[in-house]
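Residue-level structure breakdown
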Amino acid sequence: MKEFDVVIAGGGVNGLACASLLIKYGLSVCVLERNPWVGGGAVTREVTLPGFKHDMFGSSHVWIHCNPDFQEIKTELEQYGLKYIWSDDQITGHPDQTGGPGIVIYRSIDKTVDSIAQYSKKDAARYREVYEDFELVREGFLKAFFSPPSPPSYMAQAMENSKEGLKRMREFSLSATAWVDQNFENEFVKATMLNWAMAPQILPEQEGAGQSCYIMIPAIHVFGQSIPEGGSMMLPVAMQRYIDDNGGQVMTEAPIQEFIVEGGEAKGCILEDGREIRARKAVVSALEPKQTFRKFIKPGVLSEEFTQMVDRYSFGKITICRVHLALKEAPRFNNGDLMSSCAFHRIVDTAPQLIKQYAEIAQGIPPSDPFLWSACWTVVDPTRAPEGQHTLIFDTFVPNWLADGQSWDNIKEDYAHNVLLKKLQQYAPNVNQDTILGEYIETRESLEAANPSFVDGVTTGGERIQGQLGYFRPFPGYAHYRSPVKNLYMTGPHCHPGGAISAMGTITANIMLEDLGLKSNDY
């Protein structure tokens, strides 16, 4: 039997971030991971051909650079192999197949505004206004994003006593479609902004999405975009090395069988092979709630009221169909060299195309004319492929159930080749059988097999609906990362602030440090 101050189940980015911050404060921590590798949603593997490194899930690192606690440990992680490559100029390309130049989002707000102005000077001016509005609330955003969520009435109380506040509350309550329609006029600009706003799997007509539009757009200019050299997995690998080298231990191929609960208090984990890993002070679950509370805690420990909340937690009906390619050459977009020089692209024809796609998703139909997200990270990080060659990811949102009863595993090749690839070729025709060296297709079934926390192929940790955001995430009364079991804490994308690579496990660590009397937090 091994014993540590803290035991963490789940070696994804959030579990490792939690462990890293606890280690920094002098606690001994053991992280248990079922796979032979760490990373959770930030995993890099050679799935097409040897030497071609593909980010399997999370890829672009933006929100993590907003995390003040991550900045505290970043310098140490850099000593263990973490090196970020920054997109200092062009960040995202939005190609246009109707003859226009397309829109390029730069780190520079001025260059971005100039790109949008090619379509509409009015829309360009409005874009700048949204950016400037963010500067006014930047510090408040950072505090709210990386702190336990406040009661939903707090923001309303702060804003309801002025005309300007009420106007902004109204905008926050809009759907993404309504917000875009009310703020922009050009149809291609609308399609670009709507596609961007819905990136976290927000539905187009879902009310309450307006607030995220005021964050999604400006943050890229303020905090920038980066990828780790060598693959997204270099972040969790650096955390693993840091933990192992500073009094902790990361155990891979160590699936848990049960959380040990004695006298109503979490005391550690039992592994599938029977070993016990004991915790002197606390246990953390970085697993999704149904595994944590329904699979790994014995019946009778939790109240029926709580288990009902667990059972009602919704992961949603949207997954992805993703294609990984090994290529002889990088994609060449029809819009020219500037568009092709972007490593990352959001590809959408029109806003109605997006609306139709979500209508098909709701009916369990594979989208017939989907938008695409694509990334050729070897454009900026040539270490990810053999010299002169490239990797490419492209995907879209699809339903995780099919009305005709088929499985994605059965139809994935036909859909990838005859829908997704053909869509990409409308914009970058050189991605074809002459340049494709190898492929790997990811769907609902392979996603959940790789990571059981991707329930039904959902990679976001749970639906981003009003009843599962902020003070309600994951459950009413449990948004502050403490579970009903004493000294059992929660972390992961099912907790506030939700999905994306943000290292939000540091929030859970701060709560624990405060409970242990090791830190005073200013929330």
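Just above, that's the structure.
Residues numbered from 1 in each chain as written. Predicted model: local features only at pLDDT ≥ 70, side-chain atom pairs only at ≥ 80, totals over all residues. Heavy atoms only, no water.

Quick notes on the overall build of the protein
Convention followed: Under the DSSP-based scheme used, a helix requires at least four consecutive residues in state H or I and a strand at least two consecutive residues in state E, with every element numbered from the N terminus. It is over C-alpha atoms that the radius of gyration is taken, and the globule rule equals 2.2 Å times the number of residues to the power 0.38. Exposure classes here rest on a 1.4 Å probe applied to the protein chains alone. A residue is buried below 20% of its type maximum, exposed above 50%, and partly exposed in between. We get accessible surface area from the Shrake-Rupley algorithm with a probe of 1.4 Å; when it comes to residues, only the shown protein chains can shield them. Positive charges are assigned to Lys and Arg, negative charges to Asp and Glu, while His and the chain termini are left out of the count. A single reference atom marks each charge: NZ on Lys, CZ on Arg, CG on Asp, CD on Glu.
Broken down by element type, the protein carries 17 helices and 18 strands. In summary, the protein has a C-alpha radius of gyration of 23 Å against a globular reference of 24 Å for 523 residues, a match within 12%. Over its C-alpha atoms, taken along the principal directions, the protein stretches across nearly 70 × 60 × 50 Å. Burial status across the protein gives 59% buried among its 523 residues. A total accessible area of about 20400 Å² is found for the protein, and carbon and sulfur atoms account for 49% of it. Within the protein, the 64 negative side-chain charges are centred at a point lying 2 Å from the centre of the 47 positive side-chain charges.

Here we look at the side chain of Ser28
To keep things clear, this is the line we draw: Counting of polar contacts relies on pairs of N or O atoms within 3.5 Å, with two restrictions inside protein: one atom must be capable of donating a hydrogen and the other of accepting it, and residues adjacent in sequence are counted only when both atoms are side-chain atoms. In this description, contact between two residues means that some pair of their heavy atoms is separated by no more than 4.5 Å.
Inspection of the secondary structure puts Ser28 in the loop between α1 (13-24) and β2 (29-32). A polar contact is formed between the side chain of Ser28 and the backbone nitrogen of Asp5, at a distance of 2.9 Å. Every residue in contact with Ser28, bar those within four places of it in the chain, is listed here: Phe4, Asp5, Val6, Gly247 and Arg280.

Looking at empty space enclosed by the protein
Sizing a probe to match a water molecule and rolling it over the atoms shows the empty space that remains. As a reminder, the rule being used: Cavities and pockets were defined on a 1 Å grid built from protein atoms only: a cavity is a group of points that admits a 1.4 Å probe but offers it no way out, a pocket is an open group of points flanked by protein on both sides within 12 Å along at least five of seven lines, and a lining residue is one with an atom within 4 Å of any such point. Grid points are joined across faces, edges and corners, and a volume is the space filled by probe spheres set on the points. Three categories are distinguished: nonpolar for Ala, Val, Leu, Ile, Met, Phe, Trp, Tyr, Cys and Pro, charged for Asp, Glu, Lys and Arg, and polar for the others, with Gly belonging to the last.
Evaluated as defined, the whole model comprises one cavity of 30 Å³ or more. If you go around the largest cavity, the residues you meet are Ala330, Pro331, Phe333, Ser340, Cys342, Ala343, His345, Cys376 and Val379. Grouping the constituent residues of the lining of the largest cavity by class yields seven nonpolar, two polar and no charged.

As for the nonpolar core
So the rule is basically this: By convention a nonpolar core is built from buried Ala, Val, Leu, Ile, Met, Phe, Trp, Tyr and Cys residues, the set being connected through side-chain atoms within 4.5 Å.
Ranked by size, the top nonpolar core spans 134 residues in total, and within it Leu32, Phe70, Tyr127 and Leu235 carry the most contacts. In terms of residue count, helix α9 (residues 210-223) provides more of this core than any other element does, nine residues in total. Those residues in contact with Tyr127 that lie beyond four places of it in its chain are Ile105, Ile109, Thr112, Val113, Ile116, Phe184, Met193, Trp196, Ile217 and His221. Counting 30 residues, the second-largest nonpolar core is a separate cluster that includes Tyr106, Trp408, Ala416 and Leu424.

Observations regarding the sheet that holds strand β14 (residues 344-347)
Keep this limit in mind: Any two strands with at least two DSSP bridges between them are considered paired. To get an axis, a line is fitted to the C-alpha atoms, and for a helix only the part in contact is used. The angle between two axes follows their N-to-C directions and goes from 0 to 180 degrees.
Taken in spatial order, the seven strands of this open sheet run β7-β6-β14-β15-β16-β13-β17, and their pairing is mixed. Looking along the sheet, the strands with just one partner apiece sit at the ends: β7 (103-106) and β17 (436-442). Taking each pair of neighbouring strands and ignoring which way they run, the sheet shows an average axis angle of 20 degrees. The pairing of strand β6 (residues 90-94) with β14 spans two bridges and is parallel. Among the inter-strand pairings, Thr92 is bridged to a residue of β14, identified as Phe344. Helix-sheet contacts for helix α14 (residues 351-362) involve β13 (318-327) and β16 (390-399), and the interaxial angle to β16 is about 65 degrees.

Section: the environment of Glu76
When you line up the elements, Glu76 lands in helix α2 (residues 68-78). When the C-alpha positions of Glu76 and Gly264 are compared, they lie 37 Å apart, and in sequence the two are 188 residues distant. Among all residues touching Glu76, those that are not within four sequence positions of it are Lys24 and Tyr242. Of note is the side chain of Glu76, whose polar atom sits 3.2 Å from the side chain of Lys24.

Here's the deal with the pattern of salt bridges
Side-chain pairing between opposite charges can occur once the charged atoms of the two side chains come close. Applied cut-off: Here, a salt bridge means any side-chain nitrogen of Lys or Arg that lies within 4 Å of a carboxyl oxygen of Asp or Glu.
Considering all chains together, one arrives at 25 salt bridges under this definition. Across the salt bridge formed by Arg126 and Glu129, the nearest N and O atoms sit 3.0 Å from each other. Taken together, the positions of Arg126 and Glu129, both in helix α4 (residues 121-145) and three residues apart, correspond to about one turn of that helix. The exposure class assigned to Glu129 is partly exposed, which follows from its relative accessible area of 40%. In this structure, Lys298 and Glu258 form a salt bridge, with 3.8 Å as the shortest nitrogen-oxygen distance. One end of the pair, Lys298, is in the loop between α11 (289-295) and α12 (304-312); the other, Glu258, is in strand β10 (residues 256-262), with 40 residues separating them in the sequence. Lys298 sits in the exposed class, given a relative accessible area of 51%. Look at the salt bridges and you will find they share partners, linking Glu3, Asp5 and Arg280 into a network.

Keep in mind these numbers describe shape, not what the thing actually does.
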